[in-house]
Amino acid sequence: MLTIDEAVRAVLEASRPLPPRPVPLEDAVGSRLGEDVAADIDLPPFDKALVDGYAVRTDDLRGEDRWLRVGETILAGQTPSRALEPREAATIMTGAPIPPGCDAVVMHEKTEPGEGGVRIDEPGVRPGQNILPRGREMRAGTVILTAGTVLGPAHLGVLASVGRPRPKVVRPRVAIVSTGDELVEPDRTPGPGQIRNSNALVLQAMADEDRAESIRLPIAPDEPDALRAILERGLEADVLLITGGVSAGQRDLVPGVLEGLGVRRVFHKVRLKPGKPIWFGVGAPRRVQTDKHDLAPDRPGPLVFGLPGNPVSGVVGYLLFVRPALKVLAHGLPAPNSITGRLSRPFRHRGDRPTYHPARLEVVPGGEPPRVEPLDWAGSADLLTVARADGFAAFPAGDRDYEAGDAVGFLPSAPGFRP
Ligand code: AMP
Ligand code: MG
């Protein structure tokens, strides 16, 4: 049986950065850009007014006479019909193109409109004032975002501005399969011996937190043919998460079916509580067409995690093994997923496996280590306590009575958590 560190290392060794693929812009936030992107047009595409007011020629405003005739009105979205003549101004709105001959825009608030014209009250109007020149933000053909950039909301706006609604990004696809004859979907009332499928939603939400594209497949029964058909669909993803069916029960068919589908087993069972029966393997690499014109390079084989069915085992398995793997797939560095805190109360640990126990984390101001409060927990089926926790206190193997103030590891539930 592997230690946790050995198992993490095995998962990371099997994890390969994914080739980029085009995704809709609205799904790209938080993903890494997989290509350099150049501007297709100058931005702004024309010299534009930055305020509502009057387009003027500064030459006209050098002397005592501050009165200008007002010609046309230029609204945003329109183009000026002609150049400014001497001693002429045009009424102009924010975002509208300035007319030829104009070299400054004077804010409406600094003028006094009158019959057929306007008095410019602002002294010392400078050339270029309140005009954003064409190409000031970016020039057509120049690379404005480079491959590797993690896309935030503003990057999406920039990509929209340069007409890239489907940029190539690195975004892992995760398929989720719950197995078990006892399972019904959450909208059903369980019959005798049945329970609702909670695992799939938990795993999907965690995959969403990690910016993966997730899909939940139908519940798979504990029957080899139907199970095989559903797992085969799951192998089309980059990561397949399966819950249930990996322990030593008579109907724990997942490892056998996976191996029958050509998934190479890397390990089965990790010295860990909860979650010992976890299974991990790698499917065969495939060439996959990502869209009509674009053939992706060889994609690494899917990473397949068989997580035990007990809800908390699934959460701990995800945090320890799946999250760091997704990070590597998405071209990131797996962050150390444990921090150190101090127990806020005494705790008695019994057991020969490292144990992850739901706990609250209280950040202490002033650089002190955070305080870790283990919660009263009914074991690996008790998800409610996990919902009330911030993560898990990590107790090493071995019986020990801990005192308040003792150092303890903490595995946060939130991605990228830093106290
Ligand atoms: P298994 O790993 O299949 O032996 O399942 C272990 C325990 O987890 C059993 O009590 C199952 O009923 C429960 N379980 C399995 N799958 C799920 C699921 N998708 N949602 C909630 N509980 C589950
Ligand atoms: Mg089962």
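Residues numbered from 1 in each chain as written. Chains lettered and ligands numbered in written order. Predicted model: local features only at pLDDT ≥ 70, side-chain atom pairs only at ≥ 80, totals over all residues. Heavy atoms only, no water.

### Description of the site of ligand 1
Close to ligand 1 lie 18 residues, the nearest being Glu182, Asn197, Gly245, Gly309 and Asn310. With respect to ligand 1, the side chain of Glu182 contributes an N or O atom lying 2.6 Å from an oxygen atom. Note that a nitrogen atom of ligand 1 is positioned 2.9 Å from one of the side-chain N or O atoms of Asn197. Within the complex, 77% of the 490 Å² of free accessible area of ligand 1 lies under protein. (Near = heavy atom within 4 Å. Polar contact = N/O pair within 3.5 Å; in protein donor to acceptor, adjacent residues only side chain to side chain. Areas by Shrake-Rupley, 256 points an atom, 1.4 Å probe, with all protein chains shown as cover.)

### Quick word on unusual backbone geometry
Here the bond from Leu43 into Pro44 is cis, since omega is -10°, no more than 30 degrees from zero. Tracing the backbone through its elements, the reader meets Pro44 in the loop between strand E3 (37-38) and strand E4 (48-49). For the bond running from Lys273 to Pro274, omega is -5°, close enough to zero to count as cis. As for its position among the elements, Pro274 is in the loop between strand E19 (264-268) and strand E20 (279-282). At Arg211, a position not held by glycine, the phi torsion is positive, near 65°. Here the phi dihedral of His331 falls at roughly 70°; this positive angle occurs in a residue that is not glycine. Note on placement: His331 falls in the loop between helix H6 (311-329) and strand E24 (339-343). Relative accessible area serves as the criterion here: at 35%, His331 is assigned to the partly exposed category. (Helix = DSSP H or I, 4+ residues; strand = E, 2+ residues; numbered from the N terminus. Buried < 20%, exposed > 50% of the residue type's maximum accessible area, 1.4 Å probe, protein only.)

### Concerning the pattern of salt bridges
Evaluation of the coordinates by the stated rule reveals 18 salt bridges. Between Arg134 and Asp42 there is a salt bridge, with its nearest N and O atoms 2.7 Å apart. In this pair, Arg134 is assigned in the loop between strand E11 (131-132) and strand E12 (143-145) and Asp42 in the loop between E3 and E4, connecting sequence segments 92 residues apart. In this structure, the salt-bridge partner of Asp60 is Arg57, at a minimum N-O distance of 3.1 Å. Salt bridges sharing common partners tie together Asp42, Arg134 and Arg139. (Salt bridge = Lys/Arg side-chain N within 4 Å of Asp/Glu carboxyl O.)

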